[in-house]
Amino acid sequence: MLATSRNFEANARAGLANDNLQRALGLARTGFPVRRRLAVERLPEFEELREAGRAIKDHTLAHLDFYLELYESNVAAAGGKVHWARTPEEARAAVLQICRSVGAKTVTKGKSMVAEEVGLNEFLEASGITPVETDLGEYIIQLRHEPPSHIIAPAIHLMKEQVAETFRAEHRALDPARSLAEPRQMCDEARATLRPRFLAADAGITGANFLVAETGSSIIVTNEGNGDLTQTLPKVHIVVTSIEKVVPSFEDAATLLRLLARSATGQEFSSYTTISTGPRRPGDLDGPEQYHVILLDNGRSRLLGTEFQDMLRCIRCAACLNHCPVYAAVGGHAYGWVYPGPMGAVLTPSLIGVEEARHLPNASTFCGRCESVCPVKIPLPKMMRHWREREFVKKLNPPVYRSVLSLWAWVTRRPTLYHALAELAARALGWVGRYRGRFRSLPLANGWTAVRDMPAPEGRSFHSLWAERHR
Amino acid sequence: MSETRERILGGIRNALGRGALDPNAQAQLRARLAAHARNLIPARAAVLDDAARLDLFIAMAVEAQATVARVGSFSAVPKAVARYLAAENLPAELVMAPDPSLAAIPWERWPMLQIRCGRAEPEDKVSLTPCHSAIAETGTLMLVSGAQTPTTLNFLPETHIVVVRRDQLVATYEDGLDRLRAELGTDKPPRVINFITGPSRTADIEQHIELGAHGPRRLYIVLVEEDRVSGSVEKYEQQEGAER
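Residues numbered from 1 in each chain as written. Chains lettered and ligands numbered in written order. Predicted model: local features only at pLDDT ≥ 70, side-chain atom pairs only at ≥ 80, totals over all residues.

Draft legend 1. Broad picture of the domain arrangement of chain A. Domain boundaries assigned for chain A yield domain 1 (47-301) and domain 2 (405-469). If you average the C-alpha positions of domain 1 of chain A and of domain 2 of chain A, the two centres end up 54 Å apart. (Domains from an automatic or database assignment.)

Draft legend 2. Just the domain arrangement of chain B, in detail. As assigned here, chain B comprises domain 1 (1-35) and domain 2 (42-236). The gap between the C-alpha centroids of domain 1 of chain B and domain 2 of chain B is 41 Å.

Draft legend 3. Representation of the sheet that holds strand β1 (residues 67-71) of chain B within the structure. All names here are of chain B. Taken together, seven strands build an open sheet; the order of strands is β3-β2-β4-β7-β12-β1-β13 and the sheet is mixed. Every other strand in the sheet has two partners, leaving β3 (114-117) and β13 (234-236) as the edge strands with one partner each. Neighbouring strand axes in the sheet, compared pairwise and without regard to direction, differ in orientation by 25 degrees on average. Relative to strand β12 (residues 218-224), β1 is paired through five bridges, and the arrangement is parallel. Bridge assignment links Ala 69 to a residue of β12, and that residue is Val 222. (Pairing = 2+ DSSP bridges. Helix = DSSP H or I, 4+ residues; strand = E, 2+ residues; numbered from the N terminus. Axes fitted to C-alpha atoms, helices over the stretch in contact; angles between N-to-C directions.)

Draft legend 4. Highlighting the pairing of strand β9 (residues 272-276) of chain A. Counting buried residues along β9 of chain A, five of its five residues qualify, which places the element largely inside the surrounding structure. Alternating positions in β9 of chain A separate into two faces, Tyr 272, Thr 274 and Ser 276 of chain A on one and Thr 273 and Ile 275 of chain A on the other, with burial throughout. Inspection of the sheet shows strand β6 (residues 217-222) of chain A paired to β9 of chain A by five bridges, in the antiparallel sense. Counterpart to Thr 222 of chain A in the pairing with β9 of chain A is Tyr 272 of chain A. Where β9 of chain A lies against strand β9 (residues 192-196) of chain B, five bridges are found, and the strand directions are antiparallel. (Buried ≥ 20, exposed ≤ 12 C-beta atoms within 10 Å, placed from the backbone.)

Draft legend 5. Up close: the environment of Leu 407 of chain A. The topology assignment puts Leu 407 of chain A in helix α20 (residues 399-412). Each C-alpha atom, one on Leu 407 of chain A and one on Ser 271 of chain A, is 56 Å from the other, the two residues being 136 residues apart in sequence.

Draft legend 6. Focus on the interface of chain B and chain A. Between chain B and chain A, the contact holds 63 residues from the first and 77 residues from the second. Ranked by residue count, the leading element in the side of chain B that touches chain A is helix α1 (residues 2-16) of chain B, at ten residues. Of the residues that constitute the side of chain B that touches chain A, the class distribution is 28 nonpolar, 22 polar and 13 charged. (Contact = placed C-beta atoms within 7 Å. Nonpolar A, V, L, I, M, F, W, Y, C, P; charged D, E, K, R; others polar.)

Draft legend 7. Examining the sheet that holds strand β5 (residues 210-212) of chain A more closely. In space, the eight strands of this open sheet follow the order β8(A)-β5(A)-β6(A)-β9(A)-β9(B)-β6(B)-β5(B)-β8(B), with mixed pairing throughout. Of all strands in the sheet, those bounded by a partner on one side alone are β8 (246-247) of chain A together with β8 (169-170) of chain B. Relative to strand β6 (residues 140-144) of chain B, strand β5 (residues 133-135) of chain B is paired through three bridges, and the arrangement is antiparallel. When the bridges of β6 of chain B are listed, Ser 133 of chain B appears paired with Met 142 of chain B.

Right under this line is the structure:
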């Protein structure tokens, strides 16, 4: 997928001015956090499970080479095949080669963020193969030629009227006078439209929430059942996933599954959790004849042993997006690539480079909610700070910003000077604002005063008051 | 391809600052796997006695918008199925898993039920399957694929009926997986293990929960308790509009 993260500031402004987006985000702002909180409150062990989840992922990452090799050998033992891919190009080529080998014309797809990461749909289309997204949210945005704006609710930026408009424009064989006022009607229409596509598909592509090393299994978690139809009906099942999804055992997956649905949608368990191991067995009446796994690295292995290693624990639940005030204000498209919100602010510079994505780690108030709800305790604010440091070291911020920051650093390293300047500023601003008690506008601070008043200081700095009291 | 593989694995080892694990360390990791060591198990279902566990299973399944019926014997299953289909205005036609435990049910006593055995076809409206385990923790059914239990039955039809035996009830996912491994006599899993919690749903449009996105709109669980005296069908379901 082509990144527009460079334009975060303009993207964010556009998001703030988009009424439909703001209404849609208003619904999400309350819905997800409330449901998560209720689910967490019902499970007294939730905090301990977070610790267990973190330990499982840390253990796996410390032995990642071992578990990946074990996983690969068990996939092969079950009759499947693993295709390693270092880059998006290699991943796309592997998928295409499999599709071509069975003469595939159309492929159905379950939701896969790794497939978004490698830009699979555009590539397949350009290669003469029609990809059909089957998750309702993904289907809607595919019709609209938009990228997902959320990692578990890809069409969360849309209101139902927009979806209805899209369906009218795209489902032209249906009665134009039909009612599409309610989500129920659109859901039924998508079901009826997609059912024949499921049945006709030559290959089915899904992602994976987890890979199990011990058995060579892939696990998908869905509510719609689209992933299961995608992987059961066609001749070929292709799993497009990445190296950090592997866990040692079913027991480890079970612990992470207890965290996933509760953190994501606030459900006790998603409707469908499916463990798949290899292709159709002798005697089976259904299931795919071939089972392939595309195992993508795309820069992940480089994060091991660095201050960003903890990011590889991420299980893509989206709790950090759902609890982020910045995401809730600007929406997912502003981030300009596949992964938005706090996890995206850390992962995007890791995968596509801080040069392209330098704004994202700055799109945070550091309120810390993301870290406090993360099911595997990823220290997201700390890692965003690491990226800000790298941005500065690499001289990526504008010169004015850098010189002001350098000046600030110079002053704060000299306490006597700093205190004197602070006292001076407090007195000067206190004197100027002595009648009104606040400022309508201040030079160099228009960003603040354009939308609110700046309170005037009392006239003394905190330090000098403190020193006086303790004399 | 294999060059790519070596470069990825080499890159990982490099980043971790070591070579391939020595045989000793590998043996330790393999021992951890062979033990099927469990992580923290929530007390919710694990500490309950059998009767309370059953109540929890029913309550959680109903909360996930499944309908549960309790019957006293396998011979009461046809009645429970026929009544449910009639109440839901569904045709008395179903496709059934070619499983001996289901074939043993005296279907002939309810001749108006038309039954075909096999995998699901696009035109099938109702399917009936056995299950492997019923997990009390979250009201989840665990189904496994096999020659007698095709996976399409769980997803293609609009209504999925599952017959659960009382002795299939377990507390946790781990218990279900242990039962499966013991039964198969191997750690190699079947092609598919489906954990099913309520019917298919989506909240992709304005976060409205709608049932029946792509999979079944209805999940009907018929729970057979052979120690139960009553021959009647006792039904549990969520009241209209009580969705969570």
